[in-house]
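Overview (structure and organization)
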Amino acid sequence: MTKIAIVYFSGTGHTHLMAEAIAVGAHQVADTSAELIPILGEQIVNGRWKDDEIFAKLQAADAIVFGSPTYMGGVAAQFKAFVDAASSIWFAQGWKDKIAGGFTHSSSLSGDKQGTLLYLSINAAQHSMIWVGAGQMPGQDGMNRLGSFMGVMGQSDMDMSGSPATIDPADRSTSQSYGHRIATAIQRWHK
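To keep things clear, this report deals only with the structure shown in the data block. (Residues numbered from 1 in each chain as written. Predicted model: local features only at pLDDT ≥ 70, side-chain atom pairs only at ≥ 80, totals over all residues. Heavy atoms only, no water.)

1. Quick look at the overall build of the protein chain
The cut-off we apply is this: Elements are defined by DSSP. Helices are runs of H or I of four residues or more, strands are runs of E of two residues or more, and each kind is numbered from the N terminus. This radius of gyration counts C-alpha atoms alone. The globule rule is 2.2 Å times how many residues there are, raised to the power 0.38. Here the term buried applies to any residue with accessible area under 20% of the maximum for its type, exposed to any over 50%, and partly exposed to those in between, with areas from a 1.4 Å probe on protein chains only. The contact criterion used throughout is that any non-hydrogen atoms of two residues lie within 4.5 Å. Exposure was quantified through the Shrake-Rupley algorithm and a 1.4 Å probe, taking into account, for residues, occlusion by the shown protein chains and nothing else. Charge assignment: positive for Lys and Arg, negative for Asp and Glu; neither His nor the chain ends contribute. The location of each charge is read from NZ of Lys, CZ of Arg, CG of Asp or CD of Glu.
Within the protein chain, the regular secondary structure consists of 6 helices and 9 strands. In terms of C-alpha radius of gyration, the protein chain reaches 15 Å, essentially the compact-globule figure of 16 Å for 191 residues. Dimensions along the principal axes, computed over C-alpha positions, put the protein chain at roughly 45 × 40 × 25 Å. Expressed as a percentage of the 191 residues in the protein chain, the buried residues total 48%. In the protein chain, of all internal contacts separated by at least 6 residues, the share reaching a separation of at least 24 is 77%. When the accessible surface of the protein chain is summed, it comes to about 9100 Å², and 55% of that surface belongs to carbon and sulfur atoms. The protein chain carries 13 positive and 16 negative side-chain charges, and their two centres are separated by 7 Å.

Okay, structure coming up:
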């Protein structure tokens, strides 16, 4: 059984919906499981993120897909705390040769989301992981509407009403396709 861990922070629910869609796409590939692993603010104590159970799940995964909303041109502080805590894994190269990917969401069409995806891919490269891009041409069957190749981008208009988060159907489809692509890449990598 191929295991995919989708580790992410979601402030208002949009990034969570993208993570769910990635898992749906991954589950479409035979013998694949995908687990959502949210980063929560309460895991940060005295400025440090810590959750050994999550690190154990990530260690057991064949692929790790990283997700964060784009805040002020980069990853959310909660996600950055998680990345900093993984430095001991980096030192031992514990995620070396795992498949990696990334996704992000913001309310602006651009919102400098590319900066977030670059950060996620650089982090994966430092861990000696194998990065998988989006693999979708923009506009093809409504996919990749924001034109991202590094990973998946989503966008929803800002809504401060407190109503439940929603994502664009094209962003959902692109996320599902990405989950499928990552699951397929694992199988190719492990041949």
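2. A few points about the pairing of strand 9 (residues 152-155)
Selection rule: DSSP-based pairing: two strands are paired if at least 2 bridges between them are found.
Alternating positions in strand 9 separate into two faces, Val152 and Gly154 on one and Met153 and Gln155 on the other, with burial throughout. Where strand 7 (residues 99-106) lies against strand 9, 4 bridges are found, and the strand directions are parallel. The partner of His105 across the bridge, within strand 9, is Gly154.

3. A closer look at the pattern of salt bridges
What counts is decided by this rule: We define a salt bridge as a side-chain nitrogen of Lys or Arg found within 4 Å of a carboxyl oxygen belonging to Asp or Glu.
Tallied over the full model, the rule gives 6 salt bridges. A salt bridge links Asp84 to Lys80, with the shortest nitrogen-to-oxygen separation between them at 2.6 Å. In this pair, Asp84 and Lys80 are both assigned in helix 3 (residues 77-85), 4 residues apart and thus about one turn of the helix distant. A salt bridge links Asp168 to Arg145; the shortest N-O distance between them is 3.6 Å. Placement of the pair is Asp168 in the loop between strand 9 and helix 6 (169-189) and Arg145 in the loop between strand 8 (130-131) and strand 9, with a sequence separation of 23 residues. Note on Asp168: relative accessible area 27%, which makes it partly exposed. The partly exposed category is assigned to Arg145, whose relative accessible area is 31%. The network of salt bridges with common partners includes Glu35, Glu53 and Lys57.

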